[in-house]
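Per-entry structural report
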Protein chains: 2
Amino acid sequence: MNANVGADVDLYPSRHGADCGIQSRYDPIVYGEPDRDGGLTQNQLERYQQQGYLVLDNLFNNAEIERLIDEVTLWQQAFRNSENDNVSIDEHGDIRSFYGIHAQHALYSALSKDTRLVSIAQQVLADDVYLHQSRLTFKAPFVGQSSFWHSDFETWHVEDGLPRMRTLSLALVLTENQLTNAPIMVLPGSHKSFVSCPGETPENNYLHTMREQHAGLPRQDDIQILADINGVDAISAKKGSVILYDCNLMHGSSNNLSPLPRRNAVFVYNAVSNRPREPYSGMPARPEFMATRRLIQPIRAQHQQLHF
Amino acid sequence: MNANVGADVDLYPSRHGADCGIQSRYDPIVYGEPDRDGGLTQNQLERYQQQGYLVLDNLFNNAEIERLIDEVTLWQQAFRNSENDNVSIDEHGDIRSFYGIHAQHALYSALSKDTRLVSIAQQVLADDVYLHQSRLTFKAPFVGQSSFWHSDFETWHVEDGLPRMRTLSLALVLTENQLTNAPIMVLPGSHKSFVSCPGETPENNYLHTMREQHAGLPRQDDIQILADINGVDAISAKKGSVILYDCNLMHGSSNNLSPLPRRNAVFVYNAVSNRPREPYSGMPARPEFMATRRLIQPIRAQHQQLHF
């Protein structure tokens, strides 16, 4: 299929009842070039192309991470027993997810523009980028729930209207992601196909996805097929590292049985050339705190140390 | 405390309301000696003493494992949509757990007497041994449920009346236990203490434990303390390997998100000198298929290859 199709064509149809399964990806994975002056090397880009993710160690130092965690602790206190559309609270009053963290505090706003993150997104996507979404994810000790296999892009396409795959996530590790505290599990190579999901999109689906995802879940048979190709990876990463992963990489995580929390700050960068259209579901767009529509402006990356 | 206390003393009280927490272990972990003629070496016994478990690679060959799995497949077909007290079936009709497998088929009866298993139990416990329990555990792909932290001994003591810790489990790996298919997670060193649990024992508790454990669960604070000492290990082991673990080692597992099943055949050997008394809960004893009471006779180990 020609990549220059009209804007009215849905290249990645999903949630059209029983008509689903593994389909082609029509977009590049790596748009850019290796960077001789820093950034990702040719070897790193090739691995990203093949497996769909990379772990970049020690991008942020301990003092920065401590400062970022201090802020999370304050949010935790502020949001306990309160109701906010953009915050999901578990049965213990702990934050499960918190959307729009870059708009919540100057520190996280600065983080979202930090050269160490933005330059990677610009390099891989070979375009100016803006923030499609930011969020804090928190898998609480003992009670953090499982998240079934999914492609983020499937949701961003169907519910937010991102037309093409020119988007990536950078998850900054705030507490170590170990093999025993419900690490992100991925199907390496799965980003090279698109898995169209069964079912429909319920009205105001985002209100449910904050707690438990029901729409946009692939069939078990399709996950089995993708896992047979390259197996399943569990991603461990130390505090201050960044996990870079393609918008269409199939991932999930089990419940957190361990006494250790798993906390990441996730920033989703989209190419400005890939601006959202109307949601392909035909439903109203999700709120701005989950998916940027109004303020699509290229980020000017800032060299900085995060100390306020 | 003197180990030769009267039979009427409950050395390991648990489920007495709010009176709970981390207490002493009054029993040895390794009762026996290193074996110069095979069996466990001094180094292995020391590691078992310290961490509470060992993985013994390649004890059974592929042909044997295939034969054992063939039998599981037949059970799966036979038990689908049927009701049996000793079999727990999940919502898809798949076996979740199956107690008394040594009494179900000659192959598994032979396996329970196999020298490769029995000699290890005899060596570590330095006594004749008998089978307190046998079971198949099956973590189904995608839907296999999480099992919270617990010590097996806590249940075997409270509900089955095993007075002392002179018992161990040998889990024969039928399908590979990987880091991504809900492996057994353990708190290394936790077997050196006893964690008394809060709450009471409900009547006919075993009917509930087949599906979900509610009694005999330690407090999260106690798990945190034990995890702070030596961390959390996830045990990976290949097909045909055996995981040896102490009766009092704190363990659990997360849900199985992966497309790969995790299946183990577990044999629990108890020293004949440690025969069960009346359950310390004051409740009636559990059924014979869960906890042997009637037929306590030393196993005569058999050298064999498992082909029928």
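The rules behind the values
Residues numbered from 1 in each chain as written. Chains lettered and ligands numbered in written order. Predicted model: local features only at pLDDT ≥ 70, side-chain atom pairs only at ≥ 80, totals over all residues. Heavy atoms only, no water. Helix = DSSP H or I, 4+ residues; strand = E, 2+ residues; numbered from the N terminus. Buried < 20%, exposed > 50% of the residue type's maximum accessible area, 1.4 Å probe, protein only. Contact = heavy atoms within 4.5 Å. Areas by Shrake-Rupley, 256 points an atom, 1.4 Å probe, with all protein chains shown as cover. Salt bridge = Lys/Arg side-chain N within 4 Å of Asp/Glu carboxyl O. Polar contact = N/O pair within 3.5 Å; in protein donor to acceptor, adjacent residues only side chain to side chain. Nonpolar A, V, L, I, M, F, W, Y, C, P; charged D, E, K, R; others polar. Pairing = 2+ DSSP bridges. Axes fitted to C-alpha atoms, helices over the stretch in contact; angles between N-to-C directions.

A count of helical and extended segments in chain A gives seven helices and 13 strands. Each of the three principal axes of chain A carries a C-alpha extent, and together these read 50 × 50 × 40 Å. Split into buried and exposed, the 308 residues of chain A put 57% on the buried side. Taking contacts inside chain A between residues at least 6 apart in sequence as the whole, the part at least 24 apart equals 85%. Accessible surface computed for chain A: about 12,800 Å², of which carbon and sulfur atoms make up 46%.

Okay, the interface of chain B and chain A next. If you look at the interface, chain B gives 23 residues, while chain A gives 23 residues. Run the count over chain B and chain A and you get zero salt bridges. The interface formed by chain B and chain A holds six residue pairs in polar contact (both at pLDDT 80 or more) in total. Among the elements that line the side of chain B that touches chain A, the one with the most residues is helix H7 (residues 220–230) of chain B, at four residues. Residues belonging to the side of chain B that touches chain A are distributed by class as follows: 12 nonpolar, 10 polar and one charged.

Turning to the sheet that holds strand S6 (residues 147–150) of chain B, a few remarks are in order. Residue and element names in this part refer to chain B. The strand order across the open sheet formed by four strands is S6-S12-S8-S10, and the pairing between neighbours is antiparallel. Two strands in the sheet have a free side with no partner beyond their single neighbour: S6 and strand S10 (233–235). Direction aside, neighbouring strands of the sheet carry axes that sit 25° apart on average. Of the strand pairs in this sheet, S6 and strand S12 (residues 251–253) are connected by two bridges, and their pairing is antiparallel. Looking across to S12, one finds that Ser147 is bridged to Ser253.

Once that is clear, we can look at helix H4 (residues 115–125) of chain A. Residues and elements named next belong to chain A. Buried residues dominate H4, accounting for eight of its 11 residues. What H4 keeps buried is the set Thr115, Leu117, Val118, Ile120, Ala121, Gln123, Val124 and Leu125. The backbone nitrogen of Arg116 has a side-chain oxygen 2.8 Å away, supplied by the residue at the start of H4, namely Asp114.

Residue and element names in this part refer to chain B. Looking at where Thr201 falls in the secondary structure, it is placed in the loop between strand S9 (193–196) and helix H6 (205–209). According to the relative accessible area criterion, Thr201 is buried, its value standing at 12%. Engagement of the side chain of Thr201 in a polar contact is seen with the side chain of Arg15, the distance being 3.1 Å. Discounting residues that sit within four places of it in the chain, Thr201 has contacts with Arg15, Val158, Glu159, Ser281 and Met283.

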